[in-house]
Amino acid sequence: MRKSSVLTIEIRKTGFVNKGAELMFLACFQFVKQQFPNARVAMEPYHSTAPYEKRAKYQLWQKPRLFRAGIQFGVLTKLMPPVLRKMLGIVTDDEIDVVLDASGFSYSDQWGTASTAELNNSVQRWKKNKTTVILLPQAFGPFELGKNKANIAAAVSKCDLVYVRDKRSLDYLKSAVGNTACNFRLSPDFTNLLDATPSDLANQYKNQVCIVPNFRMLDKTDKSQAEQYLTDLTTAIAALKAREKSVYFLVHDSKLDLWVCEQINSRISFPLPILQHDDPLVLKGILKESLFVIGSRFHALISALSQGVPCIGIGWSHKYSELMKDYGIPQFLHRTGSGDISYLIHQLLDADKYGSIRSTVADHAVKQKEIVKSMWQEVATTIRTSHAR
């Protein structure tokens with residue numbers, strides 16, 4: 001049963017600074033408005049990642065959040081009269097009917113122990129409130145740290161649905177939970193159904209090679225790998241210029257990624273254009289028109305691959321290798337320090353091979369989209385079954 005006359009759905013762990021997080025928000029928001037047009041959509045009002053101006057654009061309700069020492073002090077808003085909360089667009093934790101967790105990649109030893117601890121505390125609280133909890137497709141693990149293993153096992157055992165983005169993440173989860181029964185499903189990233197927005201920039205840079213850097217390749221790897229990453233991208237640019245190909249940078253996240261672009265430009269004699277845009281769907285439109293993409297941002301790769309554009313992936317976690325497998329081109333994952341990236345570039349510049357590679361990616365993209373459509377159908381059914389009036 002619903003907790004009020006209006007279904008209230010919280011979209012969790014997304015935002016508007018990281019373009020991947022924003023794409024996940026847009027996909028969730030689109031789903032809710034298509035399936036439950038009268039539902040209230042709520043979000044925790046982080047100032048840094050979800051500023052008021054962005055939340056207001058989508059008429060999001062605010063679920064106040066203030067964690068200190070593992071305690072959610074946002075519950076103090078329950079002391080406000082309901083009429084005042086409604087006037088200010090505030091909902092409390094116990095008014096949420098459904099939580100859609102779109103973390104992407106938060107629950108892992110690679111991010112410490114705070115995220116899994118917070119998830120477990122939240123899930124236990126939500127289930128006491130009879131809230132439906134759905135973890136949307138995301139990467140998980142590894143879970144070698146005892147606290148993480150215990151917290152993730154306790155959390156996912158209480159969730160209504162847990163969608164896992166790749167097989168290795170599924171193995172990590174199964175290892176953590178042991179024999180505990182959990183509603184695990186394999187389903188790929190769900191931003192692939194979003195339509196790109198055409199733009200003059202997309203036309204201007206059509207059929208050029210796009211490079212999408214990621215600062216995480218510097219702070220999530222050791223010093224030698226970080227330096228090798230910068231060297232690999234510099235080598236890639238030189239190989240492309242030797243073949244008289246036009247190349248540009250595209251910033252898909254923070255100012256730190258922009259810094260990476262500037263660092264590489266300082267190493268070469270022909271600085272590349274650096275494209276930025278506030279709208280991730282415009283960025284997706286630019287990626288759509290690329291000849292191919294050399295990328296380290298996961299959702300930039302998804303945006304390209306889901307539109308049939310070949311990619312060379314360079315990543316810092318297992319989610320990158322699994323992604324390239326999903327699109328039928330695992331050989332185009334480049335591991336820093338494992339060989340010359342120029343070889344992969346020459347493969348994509350070979351006219352006889354390019355068409356075949358592009359067809360492979362396009363065929364797998366169709367299959368990935370069908371799986372995501374089925375995932376959303378199951379999510380909608382679960383919500384309707386749990387909260388019918």
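Quick caveat: nothing in here was measured; it's all calculated off a predicted structure.

Draft legend 1. Spotlight on the pairing of strand β7 (residues 132-138). A large share of β7 lies buried, amounting to 7 of its 7 residues. Two elements, strand β6 (residues 98-101) and β7, share 4 bridges in a ladder whose sense is parallel. Looking at β7, one finds that leucine 100 is bridged to isoleucine 134. A crossover links β6 with its parallel partner β7, the connecting element being helix α4 (residues 114-128), and its sense is right-handed. In the sheet, β7 pairs with strand β8 (residues 161-164) via 3 bridges, with the strands oriented parallel. Residue pairing for β8: leucine 135 is matched across the bridge by valine 162. In this view, the connection linking β7 to its parallel neighbour β8 by way of helix α5 (residues 146-156) has right-handed handedness.

Draft legend 2. Main features of the layout of surface pockets. Within this model, the largest pocket holds a volume of roughly 890 Å³. The set of elements that each furnish at least two residues to the lining of the largest pocket consists of α1 (19-35), α12 (298-305) and α13 (318-326). Per-element accounting of the lining of the largest pocket gives the leading share, 4 residues, to α1. By residue class, the composition of the lining of the largest pocket is 13 nonpolar, 15 polar and 7 charged.

Draft legend 3. View of empty space enclosed by the protein. Taken as a whole and judged by the stated rule, the model has 2 cavities of 30 Å³ or more. Looking at the largest cavity, the residues that line it are Arg165, Asp166, Pro188, Asp189, Phe298, Ile302, Lys319, Glu322, Leu323, Asp326, Tyr327 and Gln368. Listing elements by their share of the lining of the largest cavity, those giving two or more residues are α12 and α13. Looking at the lining of the largest cavity, the element that brings in the most residues is α13, giving 4 residues. Looking at the lining of the largest cavity residue by residue, the classes come out as 5 nonpolar, 1 polar and 6 charged. By volume, the second largest cavity is sized at about 40 Å³. Glu10, Ile11, Arg12, Lys13, Thr14, Met43, Glu44 and Tyr46 are the residues that line the second largest cavity. The element that contributes the greatest number of residues to the lining of the second largest cavity is strand β1 (residues 8-12), accounting for 3 residues.

Draft legend 4. The packing of aromatic side chains, seen in detail. Applying the stated criterion across every chain yields a total of 14 aromatic pairs. Centroid distance tryptophan 111 to tryptophan 316: 5.8 Å. Interplanar angle 85 degrees. Geometry classified as edge-to-face. In this pair, tryptophan 111 is assigned in the loop between β6 and α4 and tryptophan 316 in the loop between β14 (311-313) and α13, connecting sequence segments 205 residues apart. The class of tryptophan 111 is partly exposed, set by a relative accessible area of 31%. Judged by relative accessible area, tryptophan 316 falls into the buried class, the value being 11%. With a centroid separation of 4.9 Å and an interplanar angle of 55 degrees, the aromatic rings of tyrosine 205 and tyrosine 248 are classed as tilted. In this pair, tyrosine 205 is assigned in the loop between α7 (200-204) and β10 (209-212) and tyrosine 248 in strand β11 (residues 247-250), connecting sequence segments 43 residues apart. Residue classification places tyrosine 205 among the buried positions, given a relative accessible area of 11%. The aromatic ring of tryptophan 61 is capped on one face by arginine 40, whose charged end is 4.6 Å from the ring centroid.

Draft legend 5. A look at the sheet that holds β6. Taken together, the 7 strands give an open sheet; going across it, the order is β3-β2-β1-β6-β7-β8-β9, and neighbouring strands pair in parallel fashion. At either margin of the open sheet sits one strand with a lone partner, and together these are β3 (61-62) and β9 (184-186). With 2 bridges joining them, strand β2 (residues 40-43) and β3 adopt parallel strand pairing. Residue pairing for β3: methionine 43 is matched across the bridge by glutamine 62. In this fold helix α6 (residues 167-177) packs onto β8 and β9, with an angle of close to 165 degrees to the strand it touches most, β9.

Draft legend 6. How the structure looks around unusual backbone geometry. For the bond from glycine 141 to proline 142, the omega torsion is 0 degrees, close enough to zero to count as cis. Summarising the element assignment, proline 142 is placed in the loop between β7 and α5. The phi angle at glutamine 59 is positive, at roughly 55 degrees, despite the residue not being glycine. Within the element layout of this structure, glutamine 59 appears in the loop between α2 (52-57) and β3. Classification of glutamine 59 as exposed rests on a relative accessible area of 67%. In this structure, glutamate 244 is a non-glycine residue whose phi angle is positive, near 60 degrees. Following the sequence through the fold, glutamate 244 ends up in the loop between α9 (223-242) and β11. For glutamate 244, a relative accessible area of 74% corresponds to the exposed category.

Draft legend 7. Representation of the pairing of β8. Here β8 shows a buried face lined by Leu161 and Tyr163 and a second buried face lined by Val162 and Val164. Bridge analysis of β8 against β9 gives 3 bridges, and the strand direction is parallel. If you follow valine 164 over to β9, its bridge partner there is leucine 186.

Thresholds, definitions, all that
- Residues numbered from 1 in each chain as written.
- Predicted model: local features only at pLDDT ≥ 70, side-chain atom pairs only at ≥ 80, totals over all residues.
- Heavy atoms only, no water.
- Buried < 20%, exposed > 50% of the residue type's maximum accessible area, 1.4 Å probe, protein only.
- Helix = DSSP H or I, 4+ residues; strand = E, 2+ residues; numbered from the N terminus.
- Pairing = 2+ DSSP bridges.
- Right-handed = clockwise from strand over helix to strand, strands pointing away.
- 1 Å grid on protein atoms, 1.4 Å probe; cavity = no way out; pocket = protein on both sides within 12 Å on 5 of 7 lines; lining within 4 Å.
- Points joined across faces, edges and corners; volume = space filled by probe spheres on them.
- Nonpolar A, V, L, I, M, F, W, Y, C, P; charged D, E, K, R; others polar.
- Phe/Tyr/Trp six-rings, centres within 6.5 Å; stacked < 30°, edge-to-face > 60°.
- Lys NZ or Arg CZ within 6 Å of the ring centre and 35° of its normal.
- Contact = heavy atoms within 4.5 Å.
- Axes fitted to C-alpha atoms, helices over the stretch in contact; angles between N-to-C directions.

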